[in-house]
Amino acid sequence: MSQAFAALQNFLLKSSGLSLDREKQYLVEARLNPVIAQAGLNNLPELVARLETDPTLAKKVTEAMTVNETFFFRDRAPFEGFRKAILPELLEIRAQRRRIRLWSAACSTGQEPYSLAMILDEEARRLVGWSVDIVATDIAESVLKRAREGVYSHFEAQRGVPMSHLVRYFTKRKDQWAINQNIKARVDFRQQNLMSDFSHLGVFDVIFCRNVLIYFAPEQKRDVLARLTRALAPGGYLVLGAAESVIGYSGEFKPHGENRVILTRRGPGETAPARGAAV
Amino acid sequence: MKNVLVVDDSPMIRRIAKKILEELNFKASEAEDGQKALAAVASAMPDAILLDWNMPVMDGLEFLVNLRQMPNGAAPKVLFCTTESDVKHITRAMQAGADEYIMKPFNKQIVKSKFEEVGLC
Ligand SMILES: C[S@@+](CC[C@H](N)C(=O)[O-])C[C@H]1O[C@@H](n2cnc3c(N)ncnc32)[C@H](O)[C@@H]1O
């Protein structure tokens, strides 16, 4: 492994938690070549040498290395779980306060928080008199910009979106589909690196943290999960990606019913199994 | 294996759609217009129909209206698959009893997503 690659690995680990696979060196180069060319540099060592002193370039490198794929109602089950299990439970638990806070913690181009916003709109009748916050964050400004615009391509707007929702929540603009203002207004997009302190965002009832920790190195994953736990109200819900689990990284959660990717925070009395034990 | 009838006047679209459907584990058959599709469903009702809108002889909407009046005609899931991509067309399709709507050009991800939507994937 080249020295430059090792330095890049170290940079990404510290700046975004991302764990770079040594075997994927060729892939890394393919992704970074445009950044190298655009900066007027010749190769990876030159790029790496500039990372410390050039924050704009450093940001571009991070953005080039992160996976942004996402789609509306991704995997369905977590969103159905939100509608049919989480929401009814919260309506009971929070009946006094009448306020619910949701966080989409790596929202990419916005499909995840907008999917939640559409569900809330559909359930609006049960939520009369309630206030529901959706905070959506990502490390990358480029995806946040697209998320805030809420304009999706022909392909993006069809993936995961039932026709009834397309007609109800989107407006056609040339070849693209723009999410309607009433849905857009429900989501508060903010830049936030999960590696940095996020306690200022407050405490949430539900955190969607999907398909991001899967790219993190173990130590970083443990650290983020520990802080996510503190950002979650007692009895709150953590929703993971289809291929993810907290086993070995956090003992603070237990599965919620049948749905393996919906977890709840253990109460104070409940003992957590030792690290590495199945939850 | 579930059966899907692909109704489209373009042989190329039928070929692409068939290939995607077979990759998604469906058994696909073809018809080139609404009239031929009506004959096909009369002899064997498929589980789903991928339906073009603009076709000679009988268009997709007319086919759908006829289909829904047949005995068992309510059973198959009907997914429009058309270049018509405005809210008016989608709404008309929904009112005529379509289950989903694919706007061309499409790809495998979209087809899969829409067949999941109607509970067949
Ligand atoms: C694959 S997308 C997941 C989108 C959505 N949650 C989903 O499941 O479809 C991963 C996102 O995580 C973001 N990301 C990567 N590292 C991050 C970090 N350290 N802090 C915040 N977001 C990060 C990327 O910018 C990217 O938009």
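Rules of the game
- Residues numbered from 1 in each chain as written.
- Chains lettered and ligands numbered in written order.
- Predicted model: local features only at pLDDT ≥ 70, side-chain atom pairs only at ≥ 80, totals over all residues.
- Heavy atoms only, no water.
- Phe/Tyr/Trp six-rings, centres within 6.5 Å; stacked < 30°, edge-to-face > 60°.
- Helix = DSSP H or I, 4+ residues; strand = E, 2+ residues; numbered from the N terminus.
- Buried < 20%, exposed > 50% of the residue type's maximum accessible area, 1.4 Å probe, protein only.
- Lys NZ or Arg CZ within 6 Å of the ring centre and 35° of its normal.
- Near = heavy atom within 4 Å.
- Polar contact = N/O pair within 3.5 Å; in protein donor to acceptor, adjacent residues only side chain to side chain.
- Nonpolar A, V, L, I, M, F, W, Y, C, P; charged D, E, K, R; others polar.
- Expected span 1.5 Å × (residues − 1).
- Bend = angle between axes of the 7 residues up to and from the residue.
- Contact = heavy atoms within 4.5 Å.
- Buried area = accessible area lost by both parts, 1.4 Å probe.
- Salt bridge = Lys/Arg side-chain N within 4 Å of Asp/Glu carboxyl O.

1. Re the packing of aromatic side chains
Residue and element names in this part refer to chain A. Applying the stated criterion to the full structure yields 12 aromatic pairs over all chains. Between Y114 and Y152, the aromatic rings sit 6.5 Å apart at their centres with planes inclined by 85°, giving edge-to-face as the arrangement. Of this pair, Y114 sits in helix α6 (residues 111-122) while Y152 is found in strand β3 (residues 151-152), placing the two residues 38 residues apart along the sequence. Owing to a relative accessible area of 0%, Y152 belongs among the buried residues under this scheme. Taken together, the ring pairs in this structure connect F72, Y114, Y152, F170 and F189 into an aromatic cluster. Over the face of the ring belonging to F204 we find R101, whose NZ or CZ atom lies 4.4 Å from the ring centre. When the ring centre of F71 is taken as origin, the NZ or CZ atom of R159, which lies over that ring, is 3.8 Å away.

2. Things to note about the site of the ligand
Residue and element names in this part refer to chain A. Close to the ligand lie 20 residues; T70, R74, A106, D138 and N211 are nearest. Within the contact set of the ligand, an oxygen atom lies 2.7 Å away from a side-chain nitrogen or oxygen of R74. In terms of residue class, the shell around the ligand is made up of seven nonpolar, eight polar and five charged.

3. Some thoughts on helix α2 (residues 25-38) of chain A
Residues and elements named next belong to chain A. The terminal C-alpha atoms of α2 lie 20 Å apart, and with 14 residues this matches the ideal 20 Å at 1.5 Å per residue to within 8%. Maximum bend of α2: about 40°, positioned at L32, with proline P34 one to four residues after it. Restricting attention to buried positions, one finds in α2 the residues V28, L32, V35 and I36. Structurally, α2 contributes buried residues whose contacts are with α1 (3-16), α3 (44-51) and α4 (55-65). Just past α2, the residue G40 takes up positive phi, approximately 70°.

4. Brief notes about the interface of chain A and chain B
Contact with chain A, which involves 15 residues of that partner, is made by 22 residues of chain B. Both sides together, the interface formed by chain A and chain B hides about 1,600 Å², and carbon and sulfur atoms give 60% of it. The largest share of the area that chain A buries against chain B comes from R76, Q158 and M163 of chain A, three residues that together contribute 40% of it. Viewed at the interface, chain B and chain A are joined by two salt bridges. The salt bridge involving R76 of chain A is made with E117 of chain B; its shortest N-O contact spans 3.1 Å. Here chain A is connected to chain B by 11 residue pairs in polar contact (both at pLDDT 80 or more). Sorting elements by how many residues they give to the side of chain A that touches chain B places helix α8 (residues 163-169) of chain A first, with four residues. Classifying every residue of the side of chain A that touches chain B by side-chain character gives seven nonpolar, four polar and four charged.

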